[in-house]
Amino acid sequence: MNLYLRYFDKETLVHNVDEAIDFLRSIQEIGVDAELEADIRNYAASDVFYPKRYKVRQRIYFIIIKTTAETMLDFKQKKAVRPLAPAGGMDRRDLAASAVTRLTEVRPGWYEGSLDFKRVVMIPATGKHEYRDTHFVAQCKAESGMDCYNRIVEHLRDRVDGRSQFPSAKGKCFHFKYLGMWK
């Protein structure tokens, strides 16, 4: 694992923690003490992959980013910023692509869709309106998960206040399952 360090226009890509600490010591504004050195060593040894930011003084920081890039050019072209595959085998983009594929897969039949949306309701005591989180579940005939979503939203639009907010079909607030072929 290599480390990319940047402080304003000074930057480097190093292959170990000692090189990173030498780079930081070469910058006069950054005071490298035993505590900072130990923290950088702990960060480099940990399984954490998010960038780490260290305060130099008020509103002035330097950053360290773990990378598998071997050269500065590879890093700048965003090659190998993270490990190639996480423990599960698929990365987030693959999981998102498979979820969208599952959503648009044509499979006629009965679907059960559940949708969490923001419904506008009037408060009788004050006469004002407010958003309420509402959970809605329906079974319908559809061609795909996306068709199921569209049918549910179309049904609700005719029955709730027009200011109600419906989430995206690709988000966390819509779930569906295929129940079987219709007869």
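The coordinates are above.
Residues numbered from 1 in each chain as written. Predicted model: local features only at pLDDT ≥ 70, side-chain atom pairs only at ≥ 80, totals over all residues. Heavy atoms only, no water.

Here the focus is the pattern of salt bridges. Taken as a whole and assessed by the stated rule, the structure comprises 10 salt bridges. A salt bridge links Asp39 to Lys52; the shortest N-O distance between them is 3.5 Å. With Asp39 in helix 2 (residues 34–45) and Lys52 in strand 3 (residues 52–57), this residue pair connects regions lying 13 residues apart in the sequence. Judged by its relative accessible area of 28%, Asp39 falls in the partly exposed class. (Salt bridge = Lys/Arg side-chain N within 4 Å of Asp/Glu carboxyl O. Helix = DSSP H or I, 4+ residues; strand = E, 2+ residues; numbered from the N terminus. Buried < 20%, exposed > 50% of the residue type's maximum accessible area, 1.4 Å probe, protein only.)

A complete count under the given rule lists eight aromatic pairs for this structure. For the pair Tyr7 and Phe8, a centre-to-centre distance of 4.9 Å together with 75° between the ring planes defines the contact as edge-to-face. Judged by its relative accessible area of 54%, Phe8 is exposed. On the basis of an interplanar angle of 25° and a centroid distance of 5.0 Å, the ring pair of Phe117 and Phe166 is categorised as stacked. Linking Phe117 in strand 5 (residues 109–122) with Phe166 in the loop between helix 5 (145–157) and strand 7 (174–180), this pair joins segments that are 49 residues apart in sequence. Each of the two residues, Phe117 as well as Phe166, counts as buried. (Phe/Tyr/Trp six-rings, centres within 6.5 Å; stacked < 30°, edge-to-face > 60°.)

Here we take up the sheet that holds strand 4 (residues 60–67). Two modes of strand pairing occur in sheets, parallel and antiparallel, and in both the strands are linked by backbone hydrogen bonds. Read across the open sheet, the four strands follow the order 2-1-4-3; overall the sheet is antiparallel. Both edges of this open sheet fall to strand 2 (10–14) and strand 3, since each of them pairs with a single strand only. Strand-to-strand twist in this sheet, taken as the mean axis angle between neighbours without regard to direction, amounts to 15°. With five bridges connecting them, strand 1 (residues 2–7) and strand 4 associate as antiparallel partners. From the neighbouring strand, Leu5 faces strand 4, where its bridge partner is Ile64. The strands that helix 2 touches are strand 1, strand 3 and strand 4; relative to strand 4, the one it contacts most, it runs at about 30°. (Pairing = 2+ DSSP bridges. Axes fitted to C-alpha atoms, helices over the stretch in contact; angles between N-to-C directions. Contact = heavy atoms within 4.5 Å.)

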